[in-house]
Amino acid sequence: MKFRVGLTGGIGSGKSTVASLFKECGVLVIDSDVISHQMTQSGGMAIAAIHTTFGDGYIDASGALDRALMRQLIFSDHAAKLQLEAILHPLIRAQIMVQVDNANTDSTQPSLYLLLVIPLLFETLNYHELIQRTLVVDCAETTQIARTMQRSGLDEQTVRTIMESQITRAERLRLADDIIQNNGSLDTLRQQVSQLHQRYRAISSGID
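Reading guide: rules and limits
- Residues numbered from 1 in each chain as written.
- Predicted model: local features only at pLDDT ≥ 70, side-chain atom pairs only at ≥ 80, totals over all residues.
- Heavy atoms only, no water.
- Helix = DSSP H or I, 4+ residues; strand = E, 2+ residues; numbered from the N terminus.
- Buried < 20%, exposed > 50% of the residue type's maximum accessible area, 1.4 Å probe, protein only.
- Contact = heavy atoms within 4.5 Å.
- pLDDT = per-residue confidence, 0-100.
- Polar contact = N/O pair within 3.5 Å; in protein donor to acceptor, adjacent residues only side chain to side chain.
- Phe/Tyr/Trp six-rings, centres within 6.5 Å; stacked < 30°, edge-to-face > 60°.

### What to know about the environment of Ile87
- Inspection of the secondary structure assignment puts Ile87 in helix H5 (residues 78–105).
- Given a relative accessible area of 13%, Ile87 falls into the buried group.
- Separated by 35 residues in sequence, Ile87 and Thr52 place their C-alpha atoms 11 Å apart.
- Look past the residues within four positions of Ile87 in its chain and what remains in contact with it is Ala46, Ala49, Ile50, Thr53 and Phe54.

Here it is in structure tokens:
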């Protein structure tokens, strides 16, 4: 069983960038956001249940989830948020388990450990028994807001609403085993990833 590190962080913290840097080191990355996007594309595993639960209005012309409209709904209606999570979370977890099992049984897979990118790692109990070490990507909240607005086109209030729905920065840092600070340059970020990669390789070499 490969050693498993759970990567998390607030919106706009730079999780995807950090995950990409670990990939450059040869680490196998399993990303719950990527899985979620696949499941909510046209023909995705979650589309039928979303359509049944929320109706035609939340499926766009291509047959995929209308993300902008669903975002508006779940941040104004807590019950709807819980309904969506009840559809997506079990499907995502099941797919993560499939990918973890495949990595463990694939003799050609050179990665000594797995990096599981789970934005809601601390908000949900779904992955606690699966993760052996937690890594938080952290940055200033003003940086989170600026990055998210630039990347997604969301306005500041919407970004703040999303941040308020997540665990607080202080609590996230308290729960972390390891922390990457993403307030500087890409080179600085790459150095931090490299150091942690060596540490995780050392830990994983002792795991059966």
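Let us keep going from here.
### Side note on the confidence of the model for the protein
- Predicted confidence across the protein gives a mean pLDDT of 93, with 99% of residues reaching 70 or more.
- Strand E5 (residues 178–181) holds the highest mean pLDDT among the elements of the protein, 98, whereas helix H7 (residues 156–165) holds the lowest, 88.

### Quick look at the side chain of Ser32
- Checked against the element boundaries, Ser32 lands in helix H2 (residues 32–39).
- At 2.9 Å, the side chain of Ser32 forms a polar contact with the backbone oxygen of Val117.
- Once you skip the residues sitting within four places of it in the chain, Ser32 turns out to touch Ile92, Ile96, Val117, Ile118 and Pro119.

### A few points about the packing of aromatic side chains
- Taken as a whole and assessed by the stated rule, the structure comprises three aromatic pairs.
- With centroids separated by 6.0 Å and ring planes inclined at 65°, the aromatic side chains of Phe54 and Tyr58 adopt a geometry described as edge-to-face. Considered together, Phe54 and Tyr58 belong to a single accessibility category, that of buried residues.
- An angle of 70° between the planes, with centres 5.5 Å apart, marks the rings of Tyr113 and Tyr200 as edge-to-face. Here the residue Tyr113 occupies a position in strand E3 (residues 113–117), and Tyr200 occupies one in helix H9 (residues 186–204), the gap between them amounting to 87 residues. Neither Tyr113 nor Tyr200 differs from the other in exposure class; each is buried.
- An aromatic cluster of at least three residues, connected via ring pairs, comprises Phe22, Tyr113 and Tyr200.

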